[in-house]
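# Chains, contacts and geometry: an overview
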Amino acid sequence: MVSTAGRARGTREAILDAAERLFAEHGVGEVSNRRISEAAGQGNHFAVGYHFGTKADLVRALVRRYTEALEERRLRLLEEIGGSGDLRDWVSCLVRPATEHLDALGPASRRAQCMAQITTVPALRQIVIDESAGTPSMRATLDGMLRLLPGLPEQVRQERAGLCRLLLVHALAERERALNEGDPAARTTWDATATGLVDALTGLWLAPSTASPGGGSRQG
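A quick note: this is a predicted structure, and the numbers were derived from the prediction, not measured. (Residues numbered from 1 in each chain as written. Predicted model: local features only at pLDDT ≥ 70, side-chain atom pairs only at ≥ 80, totals over all residues. Heavy atoms only, no water.)

Right, let's get into the overall build of the chain. Helices and strands together make up the secondary structure of the chain, namely ten helices and zero strands. In the chain, the order of α-helices and β-strands from amino to carboxyl end is α-α-α-α-α-α-α-α-α-α. Computed over the C-alpha atoms, the radius of gyration of the chain is 19 Å, within 12% of the 17 Å expected from 2.2 N^0.38 for a compact globule of 220 residues. Oriented by its inertia axes, the alpha-carbon framework of the chain measures out at about 60 × 40 × 35 Å. (Helix = DSSP H or I, 4+ residues; strand = E, 2+ residues; numbered from the N terminus. Rg over C-alpha atoms; globule rule 2.2 N^0.38 Å.)

Next up, the structure:
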């Protein structure tokens, strides 16, 4: 016999799954809580509000489910690389937990596309940033990376962190979309995709920093 708590957990997961798919397919702003409740098989059209609260709370739950799924993988990779002096190792800790997780979910996943859609909404983007950067594994990864980039001006660090985040989020979403729709992808496997992303992001972080006439970065 399923307990009340068990039924509630099952309902929450059904709502998260429905929201993830609908947000990925239509965008966050185009999907109402009522539509999510119906897609989750809930007769109560207020089920989303009852179980999660506001749409921002629902988004936070979606992002947290994703980041928690990456945490164990990233901690394992951090243990493997130790105090590596190779920037590629630290960038791998950014990339490979996500590609491994998405690979495990299978080709029907909409998780990366959902995350990409959320980041296009200014009012919700900060939730993704806060939840992702706030985990112990991510803090350790970023600290390890920046330790190897001591001469990079702070403004440039912030700029490249944003570029890194954009590239990673949308590259993962594009590959997931291609798998969903049977389109050709640049790389044949998620592992190969990770290798390409590590190459690109390592190059981004190691690129020269050119001083800007308008008061931008100092020469790195």
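Right, let's get into the state of the cysteines. Counted by the stated rule, this structure contains zero disulfides. Unpaired in this structure, C93 has its nearest cysteine sulfur neighbour in C164, at a distance of 12 Å. We classify C93 as buried; its relative accessible area is 1%. (Disulfide = S-S within 2.5 Å. Buried < 20%, exposed > 50% of the residue type's maximum accessible area, 1.4 Å probe, protein only.)

The next subject is the packing of helix α5 (residues 87-105) against helix α10 (residues 190-206). Look at α5 against α10: their axes get within 9 Å of each other, and the N-to-C directions meet at 145 degrees. Crossing angle aside, the handedness with which α5 passes α10 is right-handed. Contacts between α5 and α10 involve L87, R88, V91, S92, V95, R96, T99, L102 and D103 from the first element and W190, D191, A194, T195, L197, V198, D199, L201, T202, W205 and L206 from the second. Each residue belonging to the contact of α5 with α10 can be placed in one class, and the counts come to eleven nonpolar, four polar and five charged. (Axes fitted to C-alpha atoms, helices over the stretch in contact; angles between N-to-C directions. Left-handed = near helix turned anticlockwise from the far one by under 90°. Contact = heavy atoms within 4.5 Å. Nonpolar A, V, L, I, M, F, W, Y, C, P; charged D, E, K, R; others polar.)

To continue, consider the nonpolar core. Buried together is how nonpolar side chains tend to be arranged in soluble globular proteins. Ranked by internal contacts, the top residues of the largest apolar core, which has 56 residues, are I15, F23, I36, L58, V95, I118 and L172. If one sorts the elements of this core by residue count, helix α4 (residues 55-81) sits on top with ten residues. Discounting residues that sit within four places of it in the chain, I118 has contacts with V28, V59, V63, L124, R125 and V128. (Core = buried A, V, L, I, M, F, W, Y, C linked by side-chain atoms within 4.5 Å.)

Our focus in this paragraph is the pattern of salt bridges. Under the defined criterion, the tally for this structure stands at 18 salt bridges. Put simply, R110 and E25 hold a salt bridge, and the shortest N to O gap is 3.8 Å. Pair noted here: R110 is in the loop between α5 and α6 (111-119) and E25 is in helix α1 (residues 4-26), with a separation of 85 residues, a long-range link. Here R177 and E181 are joined by a salt bridge, their closest N and O atoms 2.7 Å apart. One end of the pair, R177, and the other, E181, are both in helix α9 (residues 154-181), four residues apart, so they sit about a helical turn from each other. By relative accessible area, R177 is classed as partly exposed at 22%. Assessed through its relative accessible area of 51%, E181 is described here as exposed. (Salt bridge = Lys/Arg side-chain N within 4 Å of Asp/Glu carboxyl O.)

Its location among the elements puts R175 in helix α9. A distance of 3.4 Å separates the side chain of R175 from the backbone oxygen of T188, its partner in a polar contact. Setting aside residues no more than four positions away along its own chain, R175 makes contact with A185, R187, T188, T189, W190 and T193. (Polar contact = N/O pair within 3.5 Å; in protein donor to acceptor, adjacent residues only side chain to side chain.)

The topology assignment puts I36 in helix α2 (residues 33-39). C-alpha of I36 to C-alpha of F23: the two residues are 13 residues apart in sequence and 9.3 Å apart in space. Look past the residues within four positions of I36 in its chain and what remains in contact with it is I15, A18, A19, L22, F23, V31, V48 and L58.

Remember that the coordinates give geometry; whether it matters functionally is a separate question.
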